[in-house]
Amino acid sequence: MGLLALPLVSSAQTRQEYPLKQWSFSHDSVSWQPVTVPHDWAISGPFDKKWDLQMVAIEQNFEKEKTEKSGRSGALPWIGEGFYTTHLSLSDLRGRRATLVFDGAMAEPTVYVNGHRAGYWAYGYNAFRLDVTPFLKEGDNKIDVHLQNVEESSRWYPGAGIYRPVSLVVSPVLSIDPWGTFVRTLAADSTSAQIAVDAQLQGFEGQQGLAVEVSVLHPAGWVERACHASVDAQGHVHGEITLPNPRLWSPETPALYRVETRLYQQGRLVDATTLRTGVRTISVDSIHGFRLNGVSRKFKGVCLHHDLGPLGAAVNKSALIRQVRQLKDMGADAIRTAHNMPSQMQMEVYDSLGMMVMAESFDMWLYPKCKNGYARFFKDWADRDITNLVLANRNHPSLVMWSIGNEIPEQWSEEGRDISRHLQDLCHQLDPMRPVTQGMDRAEAALKSGFAQVMDVPGFNYRVYKYDRNMKSLHTGFLLGSETASTVSSRGVYKFPVTFQVAKAYADGQSSSYDTEWCSWSNLPEEDFMAEEDKAYDIGQFVWTGYDYLGEPTPYDEYWPSRSSYFGIMDLAGLPKDRYYLYRSVWNKGSHTLHILPHWTWPDRVGKTTPVFVYTDYPEGELFVNGKSQGRIRKAAGLKVDDQKPATGEVARQRATRYRLMWDDVKYQPGELRVVAYDANGMAADSQTVRTAGKASALRLVSDRPALRADGEDIAFVTVSLVDNNGTELPAASDLIKVSVSGAGTFRALCNGDATSLEPFTEPQMRLFSGKLVVLVQSSATAGPVTLTVSCPSRRLSQTLTLPSR
């Protein structure tokens, strides 16, 4: 059983927070195993279609007939009950308050303390707090958590277990409520910022002699300004501070200040809290669009599901940091937490690295999209869930917008309009500083009912060709592409002949990485680029999706063994697909992009037509095959979104020429494929070469970081590939790879990004997919070298990589 011994807590101390990481887990409350929280009990598998086999018609895909959906929620064993238990050894708690804080538990957690039912929360994605003071005692204390996941309760893989952090907070009875604390930037520019700080005292019963001091600490650590805040008759605290020459938070400059609030009684320190926040202003209107710190900008955003590929739903800081760094290099500046509430760890990473956030709440309201989804709880729990979402997250500077729903079926009705207004008003009541949106996929119905007009920010999912029509019915003067593209592809897989079309299912369960296939409700990325660049009222977009995720394997919903998505700009392992470079070529204004596809190792295609695409921010390029020019091409100008119908076939291909350089008639010959890029003046500016791979001669191991932190949680993501004597990767290799880790670390997981692979993530062997896979190596709590050994038995090759952990 997990055991945590807490030190003596006396009334002379303020507050302490104790992470509860070590637990015991059981499926039946009989056989137990030690686990570390965050924990996802289902991610080890095995994959099997039986776990959540559904006979459904997916209405969002316009299906009318029910068919078997085998991988809709990831084909992992997340359904069923789970039991967690841990022990705490406590000293004297007289005069103290003890609060359990859960950042999320999947699903329907019921918490018991020393056999007493301490509380329950219905929604697995939300943070919640429980006052457990009455149930604790001096000495040993036992905490139990019961979870249950029912079938058909999710449209994607939800994970299972205590998948986000849990902590015990011990504070004085009279204390500062962290969720009751709100730090707002009232006004700011480069010369000064006006900051308001509001807080609510817990345990306030009219005590006298109270004083509150608020200090704002500069990012470098010194006290920038401080004030004495007032305490009114209800225990509400208010103070205002003027900061000179503030460092404004933005994705480009994510400066964070510390705000310390200290409560004194009769001159004695009673409680103190510290939060990190940023100084920044946001606004949105018909003249300027969306503005951050008074500067107009358009969202370059992606939608992200909460799972982290081979880690499942178990949140991990290293994985989140890796995602943000990749997305920022692509040029993205925003994330929509689709379709669920974010974790605090996510928000802290987004604050510190600089990513704007649309925090979403629900995928359904009263009308169920799946039989046992959140619609079961909406009527009784929606207000409580919105309240917790806002209170827990409103001090994060990265959070710029709330979302109250995604493709809600009620959008056609007056009832839906009224619910929208109610939820938006609740957000405003708790946080008057941020606008509210939601993603609507039935534009005509939402506009007719007034559902769309209610929103601060009307968000439309797909159908970019309807934007102009939508605007005629909107009073806001702007709209948001709340979900765009839904282009599908499999990393490193190319289909011939190359055709621009609505995605179809192929026999191998893969989609073409030529990026020419989209879903029936969506379009190619170029359509959204055009709208973003050409239409002043378009305030940006959130692409579906930044990464592949477990579940929703469109267009292979009825194909087994497909069990994860194809939508991602990056695959499930976090490896960039070709599409990554298309977005980078448009969004990243700080460095050039020059990327060639496909690879150039096609032993069965000699003499056959093999089109070559180049993704680049340069306007022009010339392609060479073995030194012979294939022609010089310039990007097309003057192409725009059709405002009447979606682009298909040759029309879609023609529109793509605004952003892609495409040579359609290249005949494959082994050797060298080279592109020379030309700048706006017609001068050669850059070049890129792809070569035909020979026989494998070595394994290449590339870590995403040079060292690990010896904290027992840090993870290095090591990309493994086979290379020939010249260092050229074998792009189609599918060899079995075996791994082991020794020293001050452990093996955590493997992932190759193949949506059809049934190989378990947590076993130390897996086949390469399109020549690559990623090994996750986790540090221990002890410093020292960590050595990863990788072997390829079929090639008799082995390679090691040693990382320091300190």
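Let me begin by describing the structure that accompanies this report. (Residues numbered from 1 in each chain as written. Predicted model: local features only at pLDDT ≥ 70, side-chain atom pairs only at ≥ 80, totals over all residues. Heavy atoms only, no water.)

**Brief notes about the layout of surface pockets**
- In this structure, the second largest pocket occupies an estimated 1200 Å³ of space.
- Every residue lining the second largest pocket is counted, 40 residues in all, and those nearest its centre are Pro576, Tyr581, His595, Glu729 and Lys772.
- Elements with a minimum of two residues in the lining of the second largest pocket: helix 1 (317-330), helix 8 (578-587), strand 34 (594-597), strand 40 (684-691), strand 41 (698-703) and strand 42 (715-723).
- Classifying every residue of the lining of the second largest pocket by side-chain character gives 14 nonpolar, 15 polar and 11 charged. (1 Å grid on protein atoms, 1.4 Å probe; cavity = no way out; pocket = protein on both sides within 12 Å on 5 of 7 lines; lining within 4 Å. Points joined across faces, edges and corners; volume = space filled by probe spheres on them. Helix = DSSP H or I, 4+ residues; strand = E, 2+ residues; numbered from the N terminus. Nonpolar A, V, L, I, M, F, W, Y, C, P; charged D, E, K, R; others polar.)

**A word on the side chain of threonine 86**
- Secondary-structure assignment places threonine 86 in strand 7 (residues 80-90).
- Classification of threonine 86 by relative accessible area gives buried; the value is 3%.
- A distance of 2.8 Å separates a polar atom in the side chain of threonine 86 from the backbone oxygen of glutamine 22. (Buried < 20%, exposed > 50% of the residue type's maximum accessible area, 1.4 Å probe, protein only. Polar contact = N/O pair within 3.5 Å; in protein donor to acceptor, adjacent residues only side chain to side chain.)

**Quick word on helix 7 (residues 525-534)**
- Taking burial as the measure, the 10 residues of helix 7 include 8 buried ones, the bulk of the element.
- Taken as a whole, helix 7 has its buried residues at Pro525, Glu526, Glu527, Asp528, Phe529, Met530, Ala531 and Glu532.

**Notes on the environment of proline 46**
- Take proline 46: it is sitting in the loop between strand 4 (33-36) and strand 5 (54-56).
- Distance from proline 46 to proline 77, taken between C-alpha atoms, is 7.3 Å for residues 31 residues apart in sequence.
- The contacts of proline 46, once residues within four sequence positions are left out, are Trp51, Ala75, Leu76 and Pro77. (Contact = heavy atoms within 4.5 Å.)

**Brief notes about the pairing of strand 19 (residues 257-265)**
- Sheet topology note: the strand 16 (residues 210-217)/strand 19 ladder contains 8 bridges and is antiparallel. Of the residues in strand 19, the one forming a bridge with valine 214 is threonine 261.
- Between strand 19 and strand 20 (residues 268-277), which pair antiparallel one after the other, the connecting turn spans 2 residues, and glutamine 266 there sits at a positive phi close to 55°. (Pairing = 2+ DSSP bridges.)

**With respect to the pattern of salt bridges**
- This structure, assessed with the given rule, holds 45 salt bridges.
- Between aspartate 571 and arginine 491 there is a salt bridge, with the nearest N and O atoms lying 2.7 Å from each other. Of the two residues, aspartate 571 sits in the loop between strand 33 (538-544) and helix 8 while arginine 491 sits in the loop between strand 30 (479-485) and strand 31 (501-502), which places them 80 residues apart along the sequence.
- The exposure class of arginine 491 is buried, given its relative accessible area of 6%.
- Counted as one network, the salt bridges with shared partners bring together Asp704, Arg705, Arg709, Asp711 and Asp714. (Salt bridge = Lys/Arg side-chain N within 4 Å of Asp/Glu carboxyl O.)

**What about helix 9 (residues 649-656)?**
- Restricting attention to buried positions, one finds in helix 9 the residues Ala652, Arg653, Arg655 and Ala656. Angular distribution of buried residues about the axis of helix 9 spans 160°; they occupy a single face of the element.
- In the core, the buried residues of helix 9 are packed alongside strand 32 (517-518), helix 7 and strand 38 (660-663). (Arc of directions from axis to C-beta.)

**Description of the sheet that holds strand 42**
- Here we have 4 strands laid out as an open sheet, ordered 41-42-46-44, and antiparallel in their pairing. Here the strands that pair on one side only, and so sit at the sheet edges, are strand 41 and strand 44 (745-751). The average angle at which neighbouring strand axes cross in this sheet is 30°, direction not considered.
- Pairing analysis gives 6 bridges linking strand 41 to strand 42, with the strands arranged antiparallel. The residue of strand 42 that forms the bridge with alanine 698 is valine 723. (Axes fitted to C-alpha atoms, helices over the stretch in contact; angles between N-to-C directions.)

**Focus: the packing of aromatic side chains**
- Scanning all chains against the criterion turns up 36 aromatic pairs.
- With a centroid separation of 5.9 Å and 20° between ring planes, the pair formed by tryptophan 365 and phenylalanine 378 is classed as stacked. Taken together, the residues span a long stretch of sequence, with tryptophan 365 in the loop between strand 26 (356-360) and helix 3 (378-393) and phenylalanine 378 in helix 3 at a distance of 13 residues. By the burial criterion, tryptophan 365 is buried, and phenylalanine 378 matches it.
- Between the aromatic rings of tyrosine 494 and tyrosine 514, the centroid separation amounts to 5.3 Å while the plane-to-plane angle is 75°, which identifies the pairing as edge-to-face. Of this pair, tyrosine 494 sits in the loop between strand 30 and strand 31 while tyrosine 514 sits in the loop between strand 31 and strand 32, and the two are 20 residues apart along the sequence. (Phe/Tyr/Trp six-rings, centres within 6.5 Å; stacked < 30°, edge-to-face > 60°.)

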